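Summary of the model geometry
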Amino acid sequence: MSNGGDAPAIRATAVAKSYPVSWRGERRPALMGVDLEVSRGSICALAGPNGAGKSTLLRILAGLSNPDSGRAEICGHAPDVAARAGQISYLPDAPEWPGAVRLLRLLDLGRRLLGGVEGEPASALDSVGLGHLGSRRIGECSRGEQQRLGLAWAALGRPAVILLDEPFAGLDPRGAIDAAIVLRRLADSGAAVLFTSHFLAEAEELADAAVLLDQGRLAFAGGRGDVKAAGGLKRIFLARTAR
């Protein structure tokens, strides 16, 4: 799903991963030969039922887990190498923020951890509609506000690749629209954005391409035109995933 002649920013080739499920050495497959490509400047939605392997794939691409076989690359490098170079931003599902820390303070700490990258924390909060809450403690924020905070955190340092696990969970309709605007702005600035979501209508509207996983296998991959020709992401999901 590369949109141009350049090498994709995100690439997975025949990635497989399994996890132990018993002391006898039995293993449960989470991913079975998954291929994926996402270009710079584009947004890809990663959909699938619970347990399809979406979060596992994101963790491999973020350099937090190694595949059993196959290869993952970020900007042509192994994910752990790309992560150390600051090329990857990864936001897990429902991250646990330190509740006593104020929003502006958290983003300032993040900026310092990244070596004093460009961009002011206040501007990052403004971009996700939280500019008026900079002095609030994270523990006093709603889940939706914490989700928005995660988007501001993910954008720090202008990473080449942004990996988001369920970034729309807990957001009201206005929050979801604001989040989509932020992600499109990041892609327009040159980042490759890959996000998981169960909100298929919103994912279809936002994404330039979509990938569907089912039981660890690739069930669909295509651009916006392919999704539309197949009747939309919801129809693809219902037709190509197990009941």
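The coordinates are above.
Computed from a prediction, not measured in an experiment: that's the story for all the values here.

Across the five residues of strand β6 (residues 161–165), five count as buried, placing the element largely inside the fold. Residues of β6 alternate between two faces, with V161, L163 and D165 on one and I162 and L164 on the opposite face, all of them buried. In this structure, β6 lies alongside strand β7 (residues 192–196), joined through five bridges in parallel fashion. Of the residues in β7, the one forming a bridge with D165 is T196. With helix α6 (residues 173–188) bridging β6 and the parallel β7, this β-α-β connection has right-handed handedness.

Let us look at the packing of helix α3 (residues 103–113) against helix α5 (residues 143–154). Where α3 meets α5, the axes come as close as 10 Å, and the angle between the chain directions of the two elements is 25°. Comparing the axis directions of α3 and α5 gives the class roughly parallel. Taken as a pair, α3 and α5 cross one another with a handedness that is right-handed. Of α5, the residues touching α3 (which contributes L103, L106, L107 and G110) are L149, A152 and W153.

This part takes up the environment of A83. Along the polypeptide, A83 turns up in helix α2 (residues 79–84). Between the C-alpha atoms of A83 and L61, which are 22 residues apart in sequence, the distance is 9.5 Å. With residues near it in sequence (within four places) discarded, A83 still touches A62 and I88.

What follows deals with unusual backbone geometry. A positive phi angle is found at A14, which is not glycine, with a value near 50°. Within the fold, A14 resides in strand β1 (residues 10–20). A relative accessible area of 36% places A14 in the partly exposed class. Positioned with a positive phi, C75 is a non-glycine residue whose angle comes to about 55°.

With 16 residues, α6 should cover 22 Å at 1.5 Å per step; its first-to-last C-alpha distance of 23 Å lies within 8% of that length. For α6, the complete set of buried residues consists of G175, A176, D178, A179, A180, V182, L183, L186 and A187. Lining the buried residues of α6 we find β3 (43–47), α4 (121–127), α5, β6, β7 and α7 (200–206).

Applying the stated criterion to the full structure yields ten salt bridges. Among the salt bridges present, the one from D93 reaches R143, with a minimum N-O distance of 3.8 Å. With D93 in the loop between β5 (88–91) and α3 and R143 in helix α5, the pair connects residues that are 50 residues apart, well separated along the chain. By relative accessible area, which is 44% here, R143 ends up partly exposed.

The next thing to look at is the packing of aromatic side chains. The relative placement of two aromatic rings is captured by the distance of their centres and the angle of their planes. Applying the stated criterion to the full structure yields two aromatic pairs. Ring centres of F168 and F195 lie 5.7 Å apart, and the angle between their planes is 75°; on these two criteria the pair is classed as edge-to-face. Residue F168 is located in the loop between β6 and α6, and its partner F195 is located in strand β7; the two are separated by 27 residues in the primary sequence. F195 shares its class with F168; the two are buried.

It is worth spelling out the sheet that holds β7 at this point. If you trace the six strands from one edge of the open sheet to the other, you get β5-β6-β7-β3-β8-β9, paired in mixed fashion. The open sheet has two edge strands, β5 and β9 (217–223), and neither has a second partner. Along the sheet, successive strands turn relative to each other by an average axial angle of 15°, direction set aside. Looking at chain direction, strand β8 (residues 209–214) and β9 are connected through six bridges and run antiparallel. Directly across from D214, in β9, lies its bridge partner R217. Against the sheet, helix α1 (residues 54–61) makes contact with β3, β5, β6, β7 and β8, and its axis sits at roughly 150° relative to β6, the strand it touches most. Packed on one face of the sheet, helix α9 (residues 233–240) meets β8 and β9 and runs near 20° to β8.

What counts, and at which threshold
Residues numbered from 1 in each chain as written. Predicted model: local features only at pLDDT ≥ 70, side-chain atom pairs only at ≥ 80, totals over all residues. Heavy atoms only, no water. Buried < 20%, exposed > 50% of the residue type's maximum accessible area, 1.4 Å probe, protein only. Helix = DSSP H or I, 4+ residues; strand = E, 2+ residues; numbered from the N terminus. Pairing = 2+ DSSP bridges. Right-handed = clockwise from strand over helix to strand, strands pointing away. Axes fitted to C-alpha atoms, helices over the stretch in contact; angles between N-to-C directions. Parallel < 35°, antiparallel > 145°, perpendicular 65-115°, else oblique. Left-handed = near helix turned anticlockwise from the far one by under 90°. Contact = heavy atoms within 4.5 Å. Expected span 1.5 Å × (residues − 1). Salt bridge = Lys/Arg side-chain N within 4 Å of Asp/Glu carboxyl O. Phe/Tyr/Trp six-rings, centres within 6.5 Å; stacked < 30°, edge-to-face > 60°.

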